[in-house]
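Residues per chain, in single letters:
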Amino acid sequence: MNKDLELIIRLNDLELLHKEIEQGSLSALAEEGLGFSLGKREKVAKAREEIRGLVDRRLLSRFDTIFKKYGKAVAPVLNGVTYCCYEKLPVNLCNTHSENHEITTCPYCGRFLYFLL
Amino acid sequence: MSQPIAPSSGLMKSSHVRLIDFLPAESIGLSLKATEKESAFEELVALLPLRHAERRLALEVLRQREAVGSTGVGMGVAIPHCRSTIFGRLMIAFGRSEEGLVFQSVDRKKVRLMFLIVSPPVEVTNLYHRVLAAIVSSTKDEHYRKRLLAAESVAEARSILSEAVF
């Protein structure tokens, strides 16, 4: 897998976790209600900053713009369909990028794509 | 490998979903060798049908979730869980350790039963928390835990796990 894509995915997951904890979302409340501690939330913020420092500056800028606009910056692709715009991607694009060796973005919304098997 | 987000076994038609519908026999390990949390995660993630790079990422996400707070719920049970875009659907792995492993659980007891739950960040069927709640609820029963600890085969463990519905 492309190293930058790996960082982008980790950052996206961390941003979502951070947002959930900070906003006290239903999801975070449900976890705490089941007895799971989410007390050390500063560790998420720290990890997020660490990964932000590793991501290429131009990619990070694009990530931030997309995340701000859509609430998540990475979308999975399954059977050639994007799980952001729910559009079918061209077959050659799917064949070329199915192993996630390169960074690909959705031609419709610009979100980073992750090709599931 | 990763499958469609909606389960394909007619689950959506049923009002009760069984834990084992997400837990195939290949995702059950009855003799984990790990003696501490980190290697236990590696063994559990290896039970999931993921690509090599996804396993590495899954471990990172799990570590991150664990850093926020331990998922050792006490009574010898841990339920590590995380969500990431790399997971195409909700998946579960079950592992049992004969010796028990150090997990920083709330009661500081060694963990012998572990349920790993992974899921996409946004899941249309919204089963993530229901699965989590079902496992927490089932494992509170001492008899249930003892039966899982005594199970002699994967088939027997699966039969016991099949009792957990949500």
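Up top is the structure these notes are about.
Residues numbered from 1 in each chain as written. Chains lettered and ligands numbered in written order. Predicted model: local features only at pLDDT ≥ 70, side-chain atom pairs only at ≥ 80, totals over all residues. Heavy atoms only, no water.

Q: Explanation requested: the pattern of salt bridges in the structure shown.
A: Pairing between side chains becomes possible if they bear opposite charge and their charged atoms approach one another. Scanning all chains against the criterion turns up 16 salt bridges over all chains. Residue Lys37 of chain B pairs with Glu66 of chain B through a salt bridge whose shortest N-O separation is 3.1 Å. In this pair, Lys37 of chain B is assigned in helix H1 (residues 37-46) and Glu66 of chain B in helix H2 (residues 52-68), connecting sequence segments 29 residues apart. Three or more residues are tied together by salt bridges with common partners; here these are Glu15, Arg48, Glu49, Arg52 and Asp64 of chain A. (Salt bridge = Lys/Arg side-chain N within 4 Å of Asp/Glu carboxyl O. Helix = DSSP H or I, 4+ residues; strand = E, 2+ residues; numbered from the N terminus.)

Q: Looking at this model, I keep getting lost on helix H4 (residues 142-150) of chain B. Mind explaining?
A: The α-helix winds at 3.6 residues per turn, so residues separated by three or four positions along the chain end up facing the same way. All names here are of chain B. By the burial criterion, the buried members of H4 are Tyr144, Arg145 and Leu148. When H4 is viewed along its axis, its buried side chains cluster within an angular range of 100° and face the same direction. Seen from the buried face of H4, the exposed residues on the opposite side, beyond 90 degrees, are His143 and Lys146. The inward-facing, buried residues of H4 contact strand E3 (77-78), strand E5 (91-101), strand E6 (111-119), helix H3 (128-139) and helix H5 (154-161). (Buried < 20%, exposed > 50% of the residue type's maximum accessible area, 1.4 Å probe, protein only. Arc of directions from axis to C-beta. Contact = heavy atoms within 4.5 Å.)

Q: What should I look at first to understand the packing of H4 of chain B against H5 of chain B in this one?
A: Packed helices, taken two at a time, are described by their axes: the angle between them and the distance between them. Residues and elements named next belong to chain B. For the pair H4 and H5, interaxial distance at closest approach is 9 Å and the crossing angle is 165°. As judged from the angle between their axes, H4 and H5 are roughly antiparallel. Like other packed secondary-structure pairs, H4 and H5 cross with a definite hand, here left-handed. Contacts between H4 and H5 involve Tyr144, Arg147 and Leu148 on the former and, on the latter, Ala157, Ile160 and Leu161. (Axes fitted to C-alpha atoms, helices over the stretch in contact; angles between N-to-C directions. Parallel < 35°, antiparallel > 145°, perpendicular 65-115°, else oblique. Left-handed = near helix turned anticlockwise from the far one by under 90°.)

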